[in-house]
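Below, each chain spelled out in residue letters.
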Amino acid sequence: MMRHIFAERRLLTSFRNRTVACCNRSSINEKNVFMTQIDLEFGSNGTIGLKTVVALNPVMAVRGLEAYLEQLAPVKDKLAAHLKTVDEYIRLFDETIDWVNNPERRFNLVTTLGYNPLIIHGTYSDRDVKIEVFGRNIFNLNLGFEVGSPGQVAYGVQRLNDLRDCLVEYRDAFAAIEIEQYINKH
Amino acid sequence: MKLFNRNEITGRSYVVQSSATKCNTGKVALSVGVRLQEKGRLYRTNVLSFDGTDIKMLTKVMAEHCVEVTDLATAMTEVRDWCESRRGKELADKETVTFTKVVEQEWPTMFYAVQSNTRIDVYIYGRDLDNASIGFRKDRVDSYRNWKEEMDGIINNFWTHLEEVEGLRMQDLLIAV
């Protein structure tokens, strides 16, 4: 069986002169392993990545409804958990964008969902707004900008919105994947 | 002027640095750091600028520092205990737990423990930490022993630092500017 790719997208942009790539892909390989992931890559500063891998056994689909449902339930649970994590990331980005528009105090946002716990830490001064992201595969990522420059502020906020939109787009594409249809085909 | 300064190298992979400094510009710095070899540092630093008479402010910043260090030591103790409680157990699937006790502070830090049938790993995420991890192999007694020694060493050093900070006399810190 060839690798079957449900959805794939790669977006390249730049943030503070660093490359940002948003890559999302959902596929099933020749071993019937279903993989769905989204990565936000920040040049050499690491990757915010969310990935879920589940093994499917399409043979089960032809062994009757009971076997089929038995297999599908844990798969669906894993995928639902993945979707929940993506939603949580979107929430963190929403809150960060709200804070950037009105940074009154420092904040720590945290998600402990899934295998990729994340902290977003925001501080501000008269000179700049700092947004640091900590987590697995992220190396001291700073998404901040200087507040004295209106252009930089607009640019910084726009990039945050871009990242958030990447996650939303991935979530919507992911939610449309029909696992049942795939299993029924085999 | 250093009120105390301690560098301790006891494990394979970490160095503990602990200090209290006052200088003639009217600042006091309290700092405790654990440097995890090649993986960054785990720090708690508080710097206070004061005019030499503001005991109230000085007391406040010292108390905040102590709370942060206590949170860090407590979270690390919880992680160590969680890992130890799962050492001899086999698993059907990976098990993970996230400890977030210290994320509310200025230096947010997150502990994340993962166990499989062969390993238990503790990841530490935060500022200046590049995916630092401390782990051990469940089937190797020496691996566990080294891990345990390092975890205990780091935790004990945080508590020692606290004792040192709490033992500082206010008159040592106050400076006539």
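Residues numbered from 1 in each chain as written. Chains lettered and ligands numbered in written order. Predicted model: local features only at pLDDT ≥ 70, side-chain atom pairs only at ≥ 80, totals over all residues.

Some points on the overall build of chain A
Stated formally: Numbering of helices and strands starts at the N terminus; helices are DSSP runs of H or I of at least 4 residues and strands are runs of E of at least 2. The burial label depends on the number of other C-beta atoms within 10 Å of a residue's C-beta. Counts of 20 or more mean buried, 12 or fewer mean exposed, and intermediate counts mean partly exposed, with C-beta atoms placed from the backbone. Contacts are defined on C-beta atoms placed from the backbone: any two residues whose C-beta positions lie within 7 Å are in contact.
What chain A contains, in helices and strands, is three helices and nine strands. For chain A, the sequential pattern of α-helices and β-strands runs β-β-β-β-α-β-β-β-β-β-α-α. Expressed as a percentage of the 186 residues in chain A, the buried residues total 26%. Pairs at least 24 apart in sequence give 47% of the contacts found in chain A among residues at least 6 apart.

Quick word on the environment of B:P108
Mapped onto the fold, B:P108 is located in the loop between β5 (95-99) and β6 (109-115). On a C-alpha basis, the gap between B:P108 and B:T59 in space is 22 Å, while along the polypeptide they are 49 residues apart.

Some remarks on the interface of chain B and chain A
The condition is simple: Gly counts as polar in this scheme, as do all residues outside two lists: the nonpolar Ala, Val, Leu, Ile, Met, Phe, Trp, Tyr, Cys and Pro, and the charged Asp, Glu, Lys and Arg.
Between chain B and chain A, the residue contacts involve 15 residues of the former and 14 residues of the latter. Elements with a minimum of two residues in the side of chain B that touches chain A: β5, β6, β7 (119-126) and β8 (129-137) of chain B. Looking at the side of chain B that touches chain A element by element, the count peaks at three residues for β7(B). Each residue belonging to the side of chain B that touches chain A can be placed in one class, and the counts come to six nonpolar, five polar and four charged.

Quick word on the pairing of strand β6 (residues 118-124) of chain A
Two faces, one strand: in a regular strand the side chains alternate between the faces of the sheet. Residues and elements named next belong to chain A. Put simply, the test is: Here the rule is simple: two strands pair whenever DSSP picks up at least two bridges between them.
Summarising burial for β6: five of the seven residues are buried, a large majority. As defined by bridge partners, strand β5 (residues 107-111) adjoins β6 across five bridges and the pair is classed as antiparallel. Each residue of the ladder has a partner; that of T111, found in β6, is L118. Relative to strand β7 (residues 128-135), β6 runs antiparallel, the two sharing seven bridges. Bridge pairing in β7 places G122 opposite I131. As consecutive antiparallel partners, β6 and β7 are separated by three residues.

Focus: helix α2 (residues 141-166) of chain B
Selection rule: To estimate the expected span of a helix, count its residues, drop one, and scale the result by 1.5 Å.
In this model, α2(B) (26 residues) spans 37 Å end to end at C-alpha, consistent with the 38 Å of a helix rising 1.5 Å per residue. Inspection of α2(B) places B:W147, B:E150, B:M151, B:I154, B:N157, B:F158, B:H161 and B:V165 among the buried residues, and these make up the whole buried set.

Digging into the packing of helix α1 (residues 55-85) of chain B against α2(B)
Residues and elements named next belong to chain B. Spelled out, the test is: Each axis is a line fitted through C-alpha atoms, and for a helix only the stretch in contact is used; angles between axes span 0 to 180 degrees, taken between their N-to-C directions. Roughly parallel here means an angle under 35 degrees, roughly antiparallel means over 145, roughly perpendicular means 65 to 115, and every remaining angle is called oblique. By definition, any crossing whose near helix is turned counterclockwise from its far helix by less than a right angle is left-handed, and any crossing with a clockwise turn is right-handed.
Running from N to C, α1 and α2 cross one another at 160 degrees; their axes reach a closest spacing of 10 Å. Taken together, the axes of α1 and α2 lie roughly antiparallel to each other. In this structure, the crossing between α1 and α2 has a hand that is left-handed. Contacts from M62, H65, C66, V69, T70, L72, A73, M76, T77 and R80 in α1 reach M151, I154, I155, F158, W159, H161, L162, V165 and E166 in α2. Across the contact of α1 with α2, the residue classes tally to 13 nonpolar, four polar and two charged.

Description of the pairing of β7(B)
Residue and element names in this part refer to chain B. Extensive coverage of β7 is indicated by the burial of six of its eight residues. Between the antiparallel neighbours β6 and β7 lie three residues. Bridge analysis of β7 against β8 gives seven bridges, and the strand direction is antiparallel. Bridge pairing in β8 places V122 opposite I134. If you look at the hairpin formed by β7 and β8, you'll find two residues sitting between the two strands, and D128 has a positive phi there, around 65 degrees.

Regarding the confidence of the model for chain B
Residue and element names in this part refer to chain B. What counts here: Known as pLDDT, the predictor's per-residue confidence is scaled from 0 to 100.
Residues with a pLDDT of 70 or more make up 80% of chain B, whose mean pLDDT is 78. The secondary structure element of chain B with the lowest average pLDDT is helix α3 (residues 170-173), at 65, and the one with the highest is α2, at 87. Across the predicted assembly, pTM comes out at 0.77 and ipTM at 0.75.

What about the environment of B:R119?
Residue and element names in this part refer to chain B. Following the sequence through the fold, R119 ends up in strand β7. Taking the C-beta count within 10 Å as the criterion, R119 has 14 such neighbours and is therefore assigned partly exposed. As for R119 and C83, which are separated by 36 residues in sequence, their C-alpha atoms are 10 Å apart. Every residue in contact with R119, bar those within four places of it in the chain, is listed here: G135, R137 and K138.

Concerning the environment of B:H161
All names here are of chain B. The topology assignment puts H161 in helix α2. H161 sits 13 residues away from K148 along the chain, and the two C-alpha atoms are 20 Å apart. In this view, H161 contacts S18, V32 and V69; residues no more than four positions away in its chain are not counted.

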